[in-house]
Amino acid sequence: MIALASVHAYIAFHLISWHVFGIQIWGKTAMMGVPSLAKGTINAAAIMVMLILGSIMIWGRGFCGWVCHMRGAIEFADWSLRKLKVRQYLNLREKNVLVNTPHRWLLRVGALFVLLLPVIILIHNVGFSPKVNVMAPVPIADLPGYEGKAFAKTAFFNFDIKPTWNDYLLAFGLAVFIQFTMSILLNLRYGQGAFCRILCPYAPMMVPLMNISPVQKKITRVAQCTGCRDCSNACPQGIDVSREIFHFDGKVINTECIKCYACIDACDDNVLKDTAAPGVPQTDRLKPYEKRPWQQELARKDGLLTNAKHMQVFEPLGPVADFTSIIVALICGGITSRFGGFWFYPGAIISFIVLRECCLYVRKWSSVLKGKTPSVTV
Ligand code: SF4
Ligand code: SF4
Ligand code: SF4
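Summarised in this report is the structure supplied together with it. (Residues numbered from 1 in each chain as written. Chains lettered and ligands numbered in written order. Predicted model: local features only at pLDDT ≥ 70, side-chain atom pairs only at ≥ 80, totals over all residues. Heavy atoms only, no water.)

**Some points on the pattern of salt bridges**
No. 1: Summed over all chains, the structure comprises 13 salt bridges.
No. 2: In this structure, Glu-75 engages Arg-71 in a salt bridge whose closest nitrogen and oxygen atoms are separated by 3.4 Å. Remark: Arg-71 and Glu-75 occur in helix α5 (residues 69-83); sequence separation between them is 4 residues, near one turn of the helix.
No. 3: A relative accessible area of 2% means that Arg-71 is categorised as buried.
No. 4: In this structure, Glu-256 engages Arg-108 in a salt bridge whose closest nitrogen and oxygen atoms are separated by 2.9 Å. One end of the pair, Glu-256, is in the loop between α12 (241-247) and α13 (262-266); the other, Arg-108, is in helix α7 (residues 104-126), and 148 residues separate them in sequence. (Salt bridge = Lys/Arg side-chain N within 4 Å of Asp/Glu carboxyl O. Helix = DSSP H or I, 4+ residues; strand = E, 2+ residues; numbered from the N terminus. Buried < 20%, exposed > 50% of the residue type's maximum accessible area, 1.4 Å probe, protein only.)

**Digging into the environment of Val-328**
No. 1: Looking at where Val-328 falls in the secondary structure, it is placed in helix α14 (residues 319-336).
No. 2: By relative accessible area, Val-328 is classed as partly exposed at 26%.
No. 3: Put simply, Val-328 and Leu-355 are 27 residues apart on the chain and 8.2 Å apart in space, counted from C-alpha to C-alpha.
No. 4: When near neighbours in sequence (up to four residues on either side) are disregarded, Val-328 contacts Ser-351 and Leu-355. (Contact = heavy atoms within 4.5 Å.)

**Describing the environment of Lys-95**
No. 1: Assignment of secondary structure puts Lys-95 in the loop between α6 (87-94) and β2 (99-100).
No. 2: On the accessibility criterion, Lys-95 (69% relative accessible area) is exposed.
No. 3: Remark: the alpha-carbon pair of Lys-95 and Asn-233, spanning 138 residues in sequence, is separated by 7.6 Å.

**Overview of the packing of α7 against α14**
Relative orientation and spacing of two packed helices are given, respectively, by the angle between their axes and the distance between those axes.
No. 1: The N-to-C vectors of α7 and α14 enclose an angle of 20 degrees; their axes lie 10 Å apart at closest approach. Considering the angle they form, α7 stands roughly parallel to α14. The interaxial crossing formed by α7 with α14 has right-handed handedness. Contact residues: Leu-106, Leu-107, Gly-110, Ala-111 and Val-114 in α7; Phe-323, Ile-326, Ala-329, Leu-330 and Gly-334 in α14.
No. 2: Classifying every residue of the contact of α7 with α14 gives 8 nonpolar, 2 polar and no charged. (Axes fitted to C-alpha atoms, helices over the stretch in contact; angles between N-to-C directions. Parallel < 35°, antiparallel > 145°, perpendicular 65-115°, else oblique. Left-handed = near helix turned anticlockwise from the far one by under 90°. Nonpolar A, V, L, I, M, F, W, Y, C, P; charged D, E, K, R; others polar.)

**Looking at the packing of α7 against helix α15 (residues 344-370)**
No. 1: Two elements in contact, α7 and α15, have axes whose closest approach is 12 Å; the angle formed by their N-to-C orientations is 145 degrees. Classified by chirality, the crossing of α15 by α7 is right-handed. Here Leu-107, Ala-111, Val-114 and Leu-115 of α7 lie close against α15, whose contacting residues are Phe-344, Tyr-345 and Phe-352.
No. 2: Residue composition of the contact of α7 with α15, grouped by class: 7 nonpolar, no polar and no charged.

The following block contains the structure:
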């Protein structure tokens, strides 16, 4: 939490130096580095993205668990909702219920596509011109305050904000508000860390780089596991840690692992460690884990579906509703992203949640009208 809070302090420092003092050399947000790279410009932001992706070879997705500013917002949202004792969230959180969509990859790749769309259009109109210039601005520098405007140039309306402290603080507060609001909304509806599990557009870039380096550290069994499953029940990414280490030579190989170390903290027997060294062989028998396959779908009493690879549950909506909600989210996010990259998320998240809620209500009502309890379909 301290590391993630420090990242926010760094971002604030960077934005102040950029917008107030005009110093652009240190860092730019990774979000802005991806379009730079896509356009072929190696600037400070692009270097940051390459370092983040390169770090996966050694640290796995340690960036996610320790550096990502969004993760900081997500964990702050988790902390706030628990402190505020929001009943709906406590119900999810106490049992670590993590709701997901079976088609989350479509949503993640779609989000990445929407965020890169302005660059794709730029390349189409202006052409691809690779160059190295660490001071070069990003092609869509659309954080509040860029060029003295509140929103991106593509916004339907805009207004000037002068780079004074008051204007800057207002714009920065707005950006923080968007970030925390979308973390809180998603956590509240889909369980902790929902943004990482469902929507993050960086996951499609990170996941293919996982498990290809022999020196990549992974969560590893370093002592005999008792099979108590505390680690699995603690994982915010819904990874069945104790089964992973049983089936994969003592290693968590799941590409969704973000190195938050919640599993390590949860294990009272100190069985887990983040290391590239080989896992300690399991000699004590753990009979329930010896049967394969272990990734079966099950219907729960509450109507949600679960599978064991990810200890996550799925809303009992059919493929049509799933697909439609994703398309609607991408379209609405695409519209709101005209105000700037970050504005993609409120549009996408709110429309996604509202549509799925409506589908669930319609399903419930139609079942009541037919006089039967809702059945579970995939
Ligand atoms: S999955 Fe995305 S939002 Fe989550 S920590 Fe990683 S980069 Fe950040
Ligand atoms: S709890 Fe463990 S397995 Fe799950 S994401 Fe965190 S570090 Fe990875
Ligand atoms: S790794 Fe630790 S917490 Fe996980 S099942 Fe084994 S003993 Fe329990």
